[in-house]
Amino acid sequence: MRATYSLILTFLASFLLISPIFSQTAKKGPKIKTIIIDAGHGGTDQGARGQYSTEAQITLEVAKRLDTLLRQELPTTRIVMTRNIDIYHDVREKANIANRENGDLFICIHVNAAPYRNVIAGYKKVPYYVGKGKKRKKLYKNQPIYVKAQNPVHGTSTYIFAADRGDEKAEGVANDVRFESEAEVIDVPDPQSPEAIIKARLWTQKFFKNSVQLATMIENEFSSTGGKSLGVLQRNEKGIWVLQATNMPAVLIETGFITNKDEEDYLNSENGQKEMTRSIANAIITYKKQVDGPIQ
Ligand SMILES: [Zn+2]
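Note that the structure is predicted; figures quoted are calculated from it, not measured. (Residues numbered from 1 in each chain as written. Predicted model: local features only at pLDDT ≥ 70, side-chain atom pairs only at ≥ 80, totals over all residues. Heavy atoms only, no water.)

Asks: Explanation requested: the side chain of Thr34 in the structure shown.
Replies: Tracing the chain through its elements places Thr34 in strand β1 (residues 34–39). One polar contact links Thr34 to Arg78, side chain to side chain, over a distance of 3.3 Å. (Helix = DSSP H or I, 4+ residues; strand = E, 2+ residues; numbered from the N terminus. Polar contact = N/O pair within 3.5 Å; in protein donor to acceptor, adjacent residues only side chain to side chain.)

This is the structure:
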């Protein structure tokens, strides 16, 4: 009997020792199996507006091109778009899609916008009076005439979420003002609520580092094509809530400023969209290689 027991124990012990290897073998394979592409805005929410196009149109076109390119170059990876038509989803729905589809990477495509500036177009003479009685004199002073002018701000930036400003701040990652329309984030839970802060901190612990890594690669790719990169930026406000609502590394790419005439033209051109898509795809492929090893 004793021999039988010890045999069973030996068997159990060896099974327990081996089992982690089994489970590791079962989990082997690429870590990045599914990539979610989110075309920002859509439908009733067209996002930022340029002179002739909207953010939602551009994000959909760029997202579709990215989808096609990644399918070609990463044939064994699942690519899922949150939308491939002009339809509105609130950000909760976008995050739900990403989580439901078991995404390993969440790529949000957006277009930035800068407010118009008041600039002096000229001056008009405005009369004013000095002195009293016979000494009263009419004089003129120059008053500036203001007109609304395009804001010259331009360039790309890639955002990541950080639970607290300053906390977990990565090298070279700055806090910055995000200009874009935040129409899509009205219903988002208050990011300052205790539950939201705890959830955001968990996301930061798990995915911040990888998100910074990917965001840096994306901005480097943009720079290498001669574009102006405003860098990798972090925020923790409503405009970026969707990133930490996903259970995966996530970045939000501002592909340029729709309020800048040259960038609006570039983002609407075939060449511009191809170049932009190529850069994003290159960064994703490089990132995937780093995480998964060479692509089979
Ligand atoms: Zn946007």
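Past the structure itself, the notes keep going.
Asks: Where do I start with the pattern of salt bridges in this structure?
Replies: Tallied over the entire structure, the rule returns seven salt bridges. Note that Asp38 is salt-bridged to Lys94, the shortest N-O span being 2.9 Å. Taken together, the residues span a long stretch of sequence, with Asp38 in strand β1 and Lys94 in helix α3 (residues 91–100) at a distance of 56 residues. A relative accessible area of 1% places Asp38 in the buried class. Since its relative accessible area comes to 1%, Lys94 is described here as buried. Note that Lys288 is salt-bridged to Asp292, the shortest N-O span being 2.7 Å. Taken together, the residues Lys288 and Asp292, both in helix α7 (residues 270–292) and four residues apart, mark about one turn of the helix. (Salt bridge = Lys/Arg side-chain N within 4 Å of Asp/Glu carboxyl O. Buried < 20%, exposed > 50% of the residue type's maximum accessible area, 1.4 Å probe, protein only.)

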